[in-house]
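Read off the chains here:
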Amino acid sequence: MLTNQLTYDSIDSMSNELSIRVRVKPDAQDERVLNQLIDSYLSACNHVSEIACSKQVINNRDLHDLTYTVIRVKYNLMSQLACSVIRQVSGNYKTIIANNKNYDYDKRSVYTSRTIELTHNRDWYYNPRTQNAKISTPNGAVILHDIIMPNYLREYDYKFGGAKLQHKRNGWFLIITIKLTDEPYVRSMPSNVIGVDAGLRFIITTFDGYRTDFISGREVMDKRRKYSEKRAELQSKGTSAARHRLLMLGDRENRWMTDVNHQISKALINRAKQENACIILENLIGIQSTLVKSRKNDRYYRVSWAYAQLRDMILYKARLAGVIVYLVNPRFTSQVCPACGYRDKSARNHKLHLFKCSHCGYSSNDDRIGAMNIRARGIEDRLIPEFDN
């Protein structure tokens, strides 16, 4: 039997897809079945990856012709899972080659992450009446009990999409994709714009054209430092009891981070509703680039915050509240003067947390500058035509 715990949701505002992450706890027999399924899936992925590189073929149809029968017979995967393996490997190589035209096929991708992709009504099925999910395997079906959908979904028309079964250090997870089929609800056309900058000293900084709000990250960093020190202490012991406490500590830290992100995202959405404003977010890709500027001993608690989770929470809560959110490219938003538009990398003093334009002399807090530029970029990119002036 498997029990579960709903952890958090995320939403893709462009495709109207909601992801619900559920922790599941299989018994010993079910765990063996699921581990065998993942082992076979990863072995099949590595086989297809080897064929793709040796023959320099990444097209899905060509890889299907070359590998499908072997996957079915040698790795004992069912038809739809075999197709998922081929589609996943093909998609990965297409992305790699699109980003690197001179890709060396001798350096093939190796699949080790214990995650498999499941197709709805083929590999997995959810019964809303019994609130059970079924995962089909070559060794029989595994039933997941008491998977309860969030109450807010009752307000929407939706259908189930694919799912991912994940086995991580701290347990098993089922990540369910739900496709919202109705149009996003919008309360009214916005009369203001809030720019949001994510950072380290301040988790987020917001600017609405008049007012700037800072959500301090100092308390967060101090608490993460304590978690890091406790983790190092337990790791040095090396006993089975210490390893068990490490797992519990990791779960406790993740729950705390999730709770903080829920509070921040809720406060931001409530502010947007009160001001009848839309929100401009940076896409947060590259947040780890700050790693090279952090001292080695500080890297864990300074750059491992769950920014992507925070963004996802803002997106799905905004959709439910009828608040419009736009994502913009954050490139150079910390280097451009919001007063004159001059870009100068040296204008930002990281130690003093100060931005001073060498062209016009305008100065302000560096995080505030980021929020101002993100807001301006949302307007300049003509995402919001009514604010062109």
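Everything below is about the structure shown above.
So, how was this worked out
Residues numbered from 1 in each chain as written. Predicted model: local features only at pLDDT ≥ 70, side-chain atom pairs only at ≥ 80, totals over all residues. Heavy atoms only, no water. Pairing = 2+ DSSP bridges. Helix = DSSP H or I, 4+ residues; strand = E, 2+ residues; numbered from the N terminus. Axes fitted to C-alpha atoms, helices over the stretch in contact; angles between N-to-C directions. Parallel < 35°, antiparallel > 145°, perpendicular 65-115°, else oblique. Left-handed = near helix turned anticlockwise from the far one by under 90°. Contact = heavy atoms within 4.5 Å. Nonpolar A, V, L, I, M, F, W, Y, C, P; charged D, E, K, R; others polar. Buried < 20%, exposed > 50% of the residue type's maximum accessible area, 1.4 Å probe, protein only. Salt bridge = Lys/Arg side-chain N within 4 Å of Asp/Glu carboxyl O.

Visitor: What exactly am I supposed to notice about the sheet that holds strand 5 (residues 132-135) here?
Guide: Sheets are built from strands paired through backbone hydrogen bonds, the pairs being either parallel or antiparallel. Ordered in space as 4-5-6, the three strands form an open sheet in which the pairing is antiparallel. Single-partner strands in this sheet number two, and they are strand 4 (124-127) and strand 6 (142-144). For this sheet the average axis-to-axis angle between neighbouring strands, irrespective of direction, equals 20°. In the sheet, strand 5 pairs with strand 6 via three bridges, with the strands oriented antiparallel. The residue of strand 6 that forms the bridge with Ala 133 is Leu 144.

Visitor: Mind showing me how you'd approach unusual backbone geometry here?
Guide: Most peptide bonds adopt trans geometry, and most residues besides glycine take a negative phi value. Backbone geometry places Asn 76, a non-glycine residue, at a positive phi of 55°. Mapped onto the elements of the fold, Asn 76 is located in the loop between helix 2 (60-74) and helix 3 (79-99). Not every positive phi belongs to a glycine, and Phe 332 is a case in point at roughly 70°. Within the secondary structure, Phe 332 is located in the loop between strand 13 (325-328) and strand 14 (348-349).

Visitor: Could you clarify how one ought to interpret the packing of helix 5 (residues 240-275) against helix 7 (residues 307-321) in this entry?
Guide: What describes two packed helices is the angle between their axes and the distance between those same axes. Their axes nearest at 9 Å, the elements helix 5 and helix 7 cross at an angle of 40°. As summarised for this structure, helix 5 and helix 7 are arranged oblique, according to the angle between their axes. In this structure, helix 5 crosses over helix 7, and the sense of that crossing is right-handed. Packed against helix 5, whose contacting residues are Met 257, Thr 258, Asn 261, His 262, Ile 264, Ser 265, Lys 266, Leu 268, Ile 269 and Lys 273, the element helix 7 presents Gln 309, Leu 310, Met 313, Ile 314, Tyr 316, Lys 317, Ala 318 and Ala 321 at the interface. Looking at the contact of helix 5 with helix 7 residue by residue, the classes come out as 10 nonpolar, five polar and three charged.

Visitor: Can you help me understand the environment of Leu 249 in this one?
Guide: Inspection of the secondary structure assignment puts Leu 249 in helix 5. Exposure remark for Leu 249: the relative accessible area of 5% places this residue in the buried category. Through-space distance from the C-alpha of Leu 249 to that of Leu 234 is 9.8 Å; in sequence the pair is 15 residues apart. Setting aside residues no more than four positions away along its own chain, Leu 249 makes contact with Tyr 227, Lys 230, Arg 231 and Leu 234.

Visitor: What's the story with the pattern of salt bridges in this structure? I'm lost.
Guide: One side chain can pair with another of opposite charge once the charged atoms of both are near each other. Following the criterion strictly, the structure yields 11 salt bridges and no others. One salt bridge in this structure joins Asp 39 and Arg 114, with 2.9 Å as the shortest N-O distance. With Asp 39 in helix 1 (residues 28-55) and Arg 114 in the loop between helix 3 and strand 3 (115-118), the pair connects residues that are 75 residues apart, well separated along the chain. Overall, Arg 114 belongs to the partly exposed group, its relative accessible area being 23%. Asp 213 is paired through a salt bridge with Arg 271; the nearest N and O atoms lie 3.1 Å apart. Of this pair, Asp 213 sits in strand 11 (residues 212-216) while Arg 271 is found in helix 5, placing the two residues 58 residues apart along the sequence. The class for Asp 213 is partly exposed, based on a relative accessible area of 22%.

The values reported here are purely geometric and, on their own, carry no functional implication.
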